[in-house]
Amino acid sequence: MTPLYARHKRTTLAVATAVAAGALLTTGLTTGTAAAQTPADTSGKAGLAGAPLQLTAAARTTLIKQQQAGAADTARKIGLGAKEKLVVKDVVKDADGTVHTRYERTYAGLPVLGGDLVVHESKSGATKSVTKATTKSIKVASLTPKLTVAKAEKQALSAAKAAGSEKTAADGARKVIWAGSGTPVLAYETIVGGFQDDGTPNQLHVITDAATGKKLFEYQGIENATGTGKSLYSGTVSLTTTLSGSTYQLTDGSRGTHKTYNKSHGTSSSAGTLFTDADNTWGTGTASSSATDQTAAVDAAYGAAETWDFYKSTFGRSGIKNNGVAAYSRVHYGNQYVNAFWDDSCFCMTYGDGEGNVDPLTSLDVAGHEMSHGVTSNTAGLNYSGESGGLNEATSDIFGTGVEFFANNASDKGDYLIGEKININGDGTPLRYMDKPSKDGGSADSWSSSVGNLDVHYSSGVANHFFYLLSEGSGAKTINGVSYNSPTSNGSTVTGIGRDKALQIWYKALTTYFTSTTNYKSARTGTLSAAAALYGSGSTEYNAVAAAWSAVNVS
Ligand SMILES: [Zn+2]
């Protein structure tokens, strides 16, 4: 586990060592499993004949091509009409050789909505059965609509307006066959994009009968429910939640199924209780020491969502392991627990409630900091002690800062401070400062031969300072209302290249050139390699990386 800071130094360091070892083991196992896979099929789970095989990407592609080549034959075999064609969407192969092929259907070249079907074939290729979305046969008298496109779009726009959309034009309409209900008919499918009234992306699909103008169906292309969260630190935010029966769960189906749990002031290793709500409005926006408080959960869920989006949109990374799967979050951990930590073994984030249980450590930069420990663990795996530990901590501060700027939240604007929202010192001052790390009373501004002896939350200062200088440059500067004044150890003046480029360089170095044992000297080399790869050797960016390291005494 990698805590936010070092107040409970002994305990957290001891546990951190154990987890670091666990992380190495997990990574090794994953690689081993992948390497052991044959190029073709791997065996089915539990040895059941009907269990699906885990096909390799190549094997799946081959099978899809094969099924598509035989699609016309299949269409005839299962009794489709002359105007109908099948398009393979997905394929599943079982251990006993059964192949389930999922098709979309077209009719006279038009997509048939609700015409999808699955053909089940035995190992020998014989059709065993067919599962159809509609049992009706498709016979449409005319393919010429009586209704104008404009009328269909008008209907779609008024449906979108009812959902809070401010769009004045549809994003397009197409002719389709509607087979989703009743007798299949010629129809228009109109899409209206934009945003819903709470800021959630909108993608309303409206199906209109092309003969009668009747609205046949409408659905929201952006799935999941959208809740309203009243956070403690980030104002009122939109949360993606999941409706289960008549209860909403704090489960984000659009970001790797991230879930937020309540530890109810306990400290066991269990996940806790999943947060649920009846009306999909979560939290109060004010601190509460109650064990059932939802507000801390809102901040944690929002932080996880912004962190997910930051990595996705900035680096194209899909989750901590880049496999589309989210970690989970636990809030209300312990009684007056003044820390937050990432733990590889549960692949989860945990937040305490702070002094008096009223200052939860759930701010945006802390969430970004913690999840980034997971990213480090699954990439460079920087050992959590000595100089590599400082680089590990700095990576979390760097990307936590990246998340905060990315979220662009008016209640918690981007800054180069860590933990400025969580009242960690009892006087409202931040936990750490990136422009001049020593302002926290313990962190190093620049490298010295003893920096590796410091706690990792203090040796991180060197890299945090490097990142600030690389982004913004040395000297005095005010950003989003916060004043900075960044010194250099060699008296040089450093010109920044902007945070966006600095983030790209750090990420590339972390994922490509850093290893478990990277120290400051090799971090300089690694980031220079990254800058050379991204912007060219000898480029302005490359030279700025060199200058910023020299300005923190790493040469
Ligand atoms: Zn940390």
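Above this text is the structure in question.
Residues numbered from 1 in each chain as written. Predicted model: local features only at pLDDT ≥ 70, side-chain atom pairs only at ≥ 80, totals over all residues. Heavy atoms only, no water.

Participant: When you look at the overall build of the protein in this model, what are you seeing that I'm missing?
Facilitator: Of regular secondary structure, the protein possesses 12 helices and 24 strands. When each of the 555 residues of the protein is scored for burial, the buried share is 49%. By sequence separation, contacts in the protein at least 24 residues apart represent 57% of the contacts at least 6 residues apart. Carbon and sulfur atoms provide 51% of the accessible area of the protein, an area that totals close to 23700 Å². (Helix = DSSP H or I, 4+ residues; strand = E, 2+ residues; numbered from the N terminus. Buried < 20%, exposed > 50% of the residue type's maximum accessible area, 1.4 Å probe, protein only. Contact = heavy atoms within 4.5 Å. Areas by Shrake-Rupley, 256 points an atom, 1.4 Å probe, with all protein chains shown as cover.)

Participant: Please clarify how the pairing of strand β2 (residues 84–93) should be interpreted in this entry.
Facilitator: Regular strands place their side chains on alternate faces of the sheet. Strand direction decides the pairing type here: β2 and strand β3 (residues 99–107), joined by nine bridges, are antiparallel. Counterpart to Val91 in the pairing with β3 is Thr101. Remark: five residues form the turn of the hairpin made by β2 and β3, two consecutive strands paired antiparallel; Gly97 in that turn has positive phi of roughly 95°. (Pairing = 2+ DSSP bridges.)

Participant: For this particular structure, what's the right way to read the environment of His120?
Facilitator: For His120, the location among the structural elements is in strand β4 (residues 110–121). Taking the relative accessible area as the measure of exposure, His120 reaches 15% and is therefore buried. Along the sequence, His120 and Lys93 sit 27 residues apart, while their C-alpha atoms lie 9.7 Å from each other. Beyond its immediate chain neighbours, meaning those up to four positions away, His120 contacts Val99, His100, Ala126, Thr127, Lys128, Ser129, Val130 and Thr131. Of the polar contacts made by the side chain of His120, one reaches the side chain of Thr131; its length is 2.7 Å. (Polar contact = N/O pair within 3.5 Å; in protein donor to acceptor, adjacent residues only side chain to side chain.)

Participant: Hey, could you run me through the side chain of Thr401 in this one?
Facilitator: Considering the arrangement of structural elements, one finds Thr401 in helix α7 (residues 386–407). Excluding anything up to four places from it in sequence, Thr401 contacts Asp415, Tyr416, Ile418 and Met434.

Participant: How do you make sense of the sheet that holds strand β17 (residues 281–282) when you look at a structure like this?
Facilitator: Sheet strands pair via backbone hydrogen bonds, and the direction of the pair is either parallel or antiparallel. Spatially, the five strands line up as an open sheet ordered β16-β12-β11-β10-β17, and their pairing is mixed. Both outer strands of the open sheet, β16 (276–277) and β17, are each paired with one neighbouring strand and no more. Sheet analysis places strand β10 (residues 225–230) next to β17, joined by two bridges and oriented parallel. Bridged to Gly229 within β17 is Trp282. Its contacts with the sheet place helix α5 (residues 295–315) against β10, β11 (236–244) and β17, and it is angled at close to 95° to β11. (Axes fitted to C-alpha atoms, helices over the stretch in contact; angles between N-to-C directions.)

Participant: Which parts of the structure should I look at to understand the nonpolar core?
Facilitator: Soluble globular proteins tend to bury their nonpolar side chains together. Judged by nonpolar contacts, the single largest core of 86 residues is most densely connected at Phe399, Trp506 and Trp549. No other element matches α5, which puts 10 residues into this core. Taken together, domain 3 (228–377) and domain 4 (386–551) each give at least three residues to this core, which thus spans both. (Core = buried A, V, L, I, M, F, W, Y, C linked by side-chain atoms within 4.5 Å. Domains from an automatic or database assignment.)

Participant: Please explain helix α12 (residues 540–550) as it appears in this structure.
Facilitator: Residues spaced three or four apart along an α-helix face the same direction, because each turn holds 3.6 residues. Listed as buried for α12 are Glu541, Ala544, Val545, Ala546, Ala548 and Trp549. Considering only its buried residues, α12 is in contact with α9 (461–472), α10 (499–513) and α11 (520–535).

Participant: Would you take a moment to explain the packing of aromatic side chains for this structure?
Facilitator: Both the distance between ring centres and the angle between the ring planes are used here to describe each pair of aromatic rings. Summed over all chains, the structure comprises 24 aromatic pairs. For the ring pair Phe315 and Phe399, a centre distance of 5.5 Å and an interplane angle of 70° mean the geometry is edge-to-face. A residue pair is termed long-range when its members are at least 10 positions apart, and Phe315 in helix α5 and Phe399 in helix α7 qualify at 84 residues. Of the residues examined, Phe315 reaches a relative accessible area of 14% and is grouped as buried. For the pair Trp506 and Trp549, a centre-to-centre distance of 6.4 Å together with 40° between the ring planes defines the contact as tilted. Here Trp506, found in helix α10, pairs with Trp549, found in helix α12; they are 43 residues apart in sequence, far enough to count as distant. With respect to burial, Trp506 and Trp549 carry one shared label: buried. The residue whose ring lies beneath Lys321 is Phe347, and the NZ or CZ to ring-centre distance is 4.6 Å. (Phe/Tyr/Trp six-rings, centres within 6.5 Å; stacked < 30°, edge-to-face > 60°. Lys NZ or Arg CZ within 6 Å of the ring centre and 35° of its normal.)

Participant: Is there a simple way to think about the pairing of strand β24 (residues 482–486) in this case?
Facilitator: Bridging between strand β23 (residues 475–479) and β24 involves five bridges; their strand directions are antiparallel. For Lys477, the partnering residue across the bridge sits in β24 and is Tyr484. Here β23 folds back onto β24 in antiparallel fashion, the turn holding two residues, of which Asn480 has a positive phi close to 50°.

Participant: Could you clarify how one ought to interpret α5 in this entry?
Facilitator: Relative to the 30 Å expected for 21 residues at 1.5 Å per residue, α5 spans 30 Å between its end C-alpha atoms, a close match to the ideal helical length. Of all 21 residues that make up α5, 17 are buried, and the element is covered over most of its length. (Expected span 1.5 Å × (residues − 1).)

Participant: When you look at the state of the cysteines in this model, what are you seeing that I'm missing?
Facilitator: By definition, a disulfide links the sulfur atoms of two cysteine residues through a covalent bond. Applying the stated criterion across every chain, the model contains one disulfide. Each sulfur in the disulfide pair Cys346 and Cys348 lies 2.0 Å from the other. With the S-S bond torsion at -70°, the cross-link from Cys346 to Cys348 turns out left-handed. (Disulfide = S-S within 2.5 Å.)

Participant: Can you walk me through the packing of α11 against α12 in this structure?
Facilitator: In a pair of packed helices, the angle between the axes and the distance between the axes together describe the arrangement. One can describe the packing of α11 onto α12 by two numbers: an axis separation of 8 Å at closest approach and a directional angle of 165°. Taken together, the axes of α11 and α12 lie roughly antiparallel to each other. Judged by the sense of rotation from one axis to the other, the crossing of α11 with α12 is right-handed. Of the residues in α12, those touching α11 at Tyr520, Ala523, Arg524, Thr527, Leu528, Ala531, Ala532 and Tyr535 are Glu541, Tyr542, Val545, Ala546, Trp549 and Ser550. (Parallel < 35°, antiparallel > 145°, perpendicular 65-115°, else oblique. Left-handed = near helix turned anticlockwise from the far one by under 90°.)

Participant: I keep staring at the packing of α5 against helix α6 (residues 364–378) and nothing clicks. Help me out?
Facilitator: Viewed as axis vectors pointing N to C, α5 and α6 meet at an angle of 55°, and their least axial separation amounts to 9 Å. Viewed along their axes, α5 and α6 adopt a mutual orientation that is oblique. Classified by chirality, the crossing of α6 by α5 is right-handed. Of α6, the residues touching α5 (which contributes Tyr302, Gly303, Ala304, Glu306, Thr307, Trp308 and Tyr311) are Leu364, Ala367, Gly368, Met371, Ser372 and Val375. Grouping the constituent residues of the contact of α5 with α6 by class yields eight nonpolar, four polar and one charged. (Nonpolar A, V, L, I, M, F, W, Y, C, P; charged D, E, K, R; others polar.)

Participant: I keep staring at unusual backbone geometry and nothing clicks. Help me out?
Facilitator: With the exception of glycine, the majority of residues adopt a negative phi angle, and the majority of peptide bonds are in the trans configuration. Even without being a glycine, Asn322 presents a positive backbone phi close to 60°. The topology assignment puts Asn322 in the loop between α5 and β18 (328–333). Judged by its relative accessible area of 41%, Asn322 is partly exposed. For Phe347, which is not glycine, the phi torsion reads 50° and is therefore positive. By the element assignment, Phe347 lies in the loop between β19 (340–343) and β20 (348–352).

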